[in-house]
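Examining the three-dimensional arrangement
Now for the letters of each chain:
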Amino acid sequence: MRGIIHRLRGGLIPLIALIVVLAVLPIAGAPRSWLLYLLLFFLYLAMANMWNLLCGYSGLISLCQPAFIGLAGYTLVIWAWHGLPIYLGMALGAIVAALFALLISIPVFRLSGIYFAIGTLVVPEALRYMFLLWRPIGGSIHGGGAGYVLKGASDFSTAGVYWLGLGIAVASALCLRLVLRSRLGLGLAAIRDNDRTAGSSGINVFRLKLYSFVISAIITGLAGAIFYIYQSYVEPNSAFSVRWTMILILAAVMGGMGTEGGPIIGTVIVVFLHFLLARYAGISLIIQGTLLVIIMLLVPEGITGFIRKTRTYRYLLQLATMRAN
Amino acid sequence: MTLQFLVDLSGPLVMGILLGGLYALIALGLSLVFGVMKLINVAHGDLVILGTYFGFFGMTGEIFGHRLTFLGIDPIVSLVVGMPLLFAIGFAIQKYLLSRAVQISMEAPLIIAFGISLIVQNACQRLWTPYSRGLTTSYALDSFNVGVFNIPLVYLLDFAGALVVMLFLREFLRRTYLGKAISAASQDRGAAQLMGINTGRVYAYAFAIAMATAAIAGVFLGLTFPFTPTSGVSFLIIAFGVIIIGGLGSMLGTFLGGMILGLAQTMGGHVLNELGLPGAATGQYLILYIIVLVVLAVRPQGLFGR
Amino acid sequence: MPEETLLKVSHLDTFYGSLQVLWDISIEIKQGEIVAIIGANGSGKSSLLKTISGVIHPARGSIIFEGKEITTLDPFQIVALGISQVPEGRRIFPDLSVLDNLILGSYNHRARPKKEQNFKMVYELFPILEARNNQLAKTLSGGEQQMLALGRGLMSETKLMLIDEMSLGLAPIVLNEVYKALRKIRERDITILFVEQNVRRSLEEADRAYIMEVGRVVLSGDVVDLREEEEVKKAYFGV
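Residues numbered from 1 in each chain as written. Chains lettered and ligands numbered in written order. Predicted model: local features only at pLDDT ≥ 70, side-chain atom pairs only at ≥ 80, totals over all residues.

1. Remarks on the nonpolar core
Note the following rule: Note on definitions: a nonpolar core is a set of buried residues drawn from Ala, Val, Leu, Ile, Met, Phe, Trp, Tyr and Cys, linked by C-beta atoms within 7 Å. Note on burial: count the other C-beta atoms lying within 10 Å of the residue's C-beta; 20 or more is buried, 12 or fewer is exposed, in between is partly exposed, and C-beta positions come from the backbone. Think of it this way: any DSSP run of H or I at least four residues long counts as a helix, any run of E at least two long counts as a strand, and we number them from the N terminus. Contact definition: two residues whose C-beta atoms, as placed from backbone geometry, lie within 7 Å.
One finds A:Ala97, A:Ile226, B:Ile26, B:Ala206 and B:Met211 to be the most contacted residues of the largest nonpolar core, which totals 290 residues. Take this core: its biggest share by element is 19 residues, from helix H8 (residues 199-224) of chain B. Residue contacts for B:Ala206: discarding those within four places in its chain leaves B:Leu32, B:Val33, B:Val36 and B:Ile182.

2. What about unusual backbone geometry?
In this structure, B:Lys38 takes a positive phi of about 55 degrees despite not being glycine. At C:Val214, a residue that is not glycine, the phi angle is positive and equals roughly 45 degrees. Its location among the elements puts C:Val214 in the loop between strand E9 (208-213) and strand E10 (216-222). According to the C-beta neighbour criterion, C:Val214 is exposed, with 12 such atoms within 10 Å.

3. Quick word on the sheet that holds strand E4 (residues 60-65) of chain C
Residues and elements named next belong to chain C. Inclusion rule: Strands are labelled as partners when DSSP assigns at least two bridges between them. Axes here mean lines fitted to C-alpha atoms, for a helix over just the part in contact, with angles spanning 0 to 180 degrees between N-to-C directions.
Reading across from one edge, E2-E1-E4-E5 is the order of the four strands in this open sheet, with antiparallel pairing throughout. Looking at the sheet topology across the chains shown, the edges are occupied by strand E2 (19-30) and strand E5 (68-69). Bridging between strand E1 (residues 5-16) and E4 involves five bridges; their strand directions are antiparallel. In the strand pairing of E4, Ser10 is matched with Ser62. Where helix H1 (residues 45-53) meets the sheet, it contacts E1, E2 and E4, and its direction lies at approximately 70 degrees from that of E2.

4. Describing the pairing of E2(C)
Residues and elements named next belong to chain C. Across eight bridges, E1 lies against E2 in antiparallel orientation. Paired with Thr14 across the two strands is Leu22, which belongs to E2. The hairpin turn running from E1 into E2, its antiparallel successor, is two residues long, and Gly17 in that turn takes a positive phi close to 65 degrees.

5. With respect to the interface of chain A and chain B
Using the following cut-off: Only Asp, Glu, Lys and Arg are considered charged in this grouping, and only Ala, Val, Leu, Ile, Met, Phe, Trp, Tyr, Cys and Pro are considered nonpolar; every other residue, Gly among them, is considered polar.
On the chain B side, the residues contacting the 37 residues of chain A number 37 residues. Elements with a contribution of two residues or more to the side of chain A that touches chain B: helix H5 (86-108), helix H6 (113-133), helix H12 (242-255) and helix H14 (284-298) of chain A. Broken down by element, the residue count for the side of chain A that touches chain B peaks at 14 residues, all from H6(A). Counted by class, the side of chain A that touches chain B contains 28 nonpolar, seven polar and two charged residues.

6. Focus on the packing of helix H3 (residues 32-57) of chain A against helix H7 (residues 158-181) of chain A
All names here are of chain A. As a reminder, the rule being used: Angles below 35 degrees are treated as roughly parallel, those above 145 as roughly antiparallel, those between 65 and 115 as roughly perpendicular, and all remaining angles as oblique. Should the near helix be turned counterclockwise from the far one by less than a right angle, the crossing is left-handed, whereas a clockwise turn marks it as right-handed.
Orientation of H3 relative to H7, taken along the N-to-C sense of each, is 20 degrees, at an axis distance of 9 Å. Our classification of the angle between H3 and H7 gives roughly parallel. As H3 packs across H7, the resulting crossing turns out to be left-handed. Contacts between H3 and H7 involve Arg32, Leu35, Leu38, Leu39, Phe42, Leu43, Leu45, Ala46, Asn49, Met50, Leu53 and Tyr57 from the former and Thr158, Val161, Tyr162, Gly165, Leu166, Ile168, Ala169, Ser172, Ala173, Leu176, Val179 and Leu180 from the latter.

Now the structure itself:
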């Protein structure tokens, strides 16, 4: 009994074991539908981790994530159109997303709280209209609009995309952990508590928030690009859609913001909901919206917050710390 | 050459001002709520569209794909039912959801409003299909002339509607007990309570009034533009732009802010046309969004802001 | 006519979060009195007032007004019953006119039908308010704002007025005017409970006083007696 608890606190070994198991699944002959659900889980998790970094740890309620996802996707598609390798396209997509984050931060970071939220809301919407008007590549289509197929997507097997997804999910978790343990993380914790006092104690609030924003853009962009490798076509209405944001908010709120484990649990629930609500596609938003409202009102700290309050968790924690002494 | 230039401008000028009326009308509710409760309701656009669909239902009787032909009421007339309905919905949202959210955290009202937004959008999709609709009344296609331009009659109605609602709200806030209580609660909530004002209930009334305004805005919106269940976001952004330009919480400021935004849009569109650039309709939304971003970047407290 | 107990506070314990600010407070106010609660900053006197007016709720103890238990009521309900609070810092509504501020004072349902009478009373007591009727409240001087705050309290058909730190920031001349007004208010059978730091002045104006330190009542009684108390003399008059 004690040994198990000790290893739970250790954390690393079971985690690595889990990753190995996941990596082996395609080879072990897991059914394609499983792999696809897991792929979605990996991609959403990467994005949710980044959203957690922004909202839970930096105090930035960003509704801007679809912009990074869509831009990375389009960069990839345009790049591949010219026959260039997809891996490079992915990287380029992430870079474009990061540059865009830098650009957008100029107007948007002057705002805070709700202003920031709405400012970031405008950005993907504006991009959506832009890509509805503008066809960057290919011949003109009646009605305009930039919907494209990703050339070279068929070169990727399901396993291939799956492993890319696993990779970005792990990368996002590592990234989050590294940031939180770094000086950036300390600074962010101070900012999250109180913007102004953090600023007056010498922390460059703007720069730290910018770092978070750009980091989230890179990883979210990568995850987006991988998504489009899987989906193999991109079009403006879904690329910049608020549904991305909805998934992230749902995952973050249900799992618990500001905790490392929160996004994981939240994403599990979100993907599970996808699966469950597939039959009720017509009212899935009503259900998810209602869930969001109920959870925010009754359990605002999400499931991780809830668990932390339960006696079982506190008991286990006590045992573990006793063991350490 | 200058005379022609001016004559050419008169069309977009008038259109901008009149259209600005619609934008102001949509924004008035948002402005009221922000002025009183310091809350930006991100579901506002979707609730306006809900109002539009109520008008649609009254007009066509269509629901779940069936048609109740005994309806067929002019959308403006149907406001007799639409306004109390949205009033009640608004009252409930503030009293039971948002008032609790405010006590939980800073992000909670935003997230809950987001949830409401999803629910409303999906509900409208189920009830009235995702296809693009319009409130095509008999007068919806009438127009009148200004110079060489044809201006739709509904634009004039939009302007008139906005003016009436704005004046009504302003006088209500100034002259009635409840209106004064709302102003007081927005200036100092604690002191208002010491006056014997039940601020929780006053906030609920304020939100409800804002929603009733949204019902009106929804009907006029439907008369002016085609709409879908997801049109709400665009109009939330426009409304936000209006109150940023016009100054938060001021009814008159919101009204003027609407004019300014409308003018910016039509003038910008005119310039684009002159330059031969394509994409009139979609492009105008884009212009609006860019204007909003620019205003946010340059002067978030607005032109008339405190 | 025997004086009835208007307000009875018993064994009040109040907390701000986990910090206790009031310890076992019991006071009694009789109809028609002027009572002072005196103490330095942090003595808990403002907290006591806020507990009575319902802004904070006590963890233990009870507050009974005119025989009714009001301990857990909301502020707006307590105002309706006849207790008005003139808050610390006045807190008049800056962007509303003097007239509107006064009108808002009569918001509760008992006060609305009596609006005109109460206007007369307020203008008689504070003529300057009538002169400045249409001005925005934020343009008034400190003393005028205090009068407006008192006037607002009077508009509510109040039986018991709670006044929090009235003298802060007021010139002595103005303060005299205000205390004169308080005496006239008492003549109209309105009971007054005021909270002050200035011991000497309070003991001149009140009938009875409670002296508070660090959240407890340390002394109480008629002001005549208190003025003679050795401890009071030592602590506050430096004798």
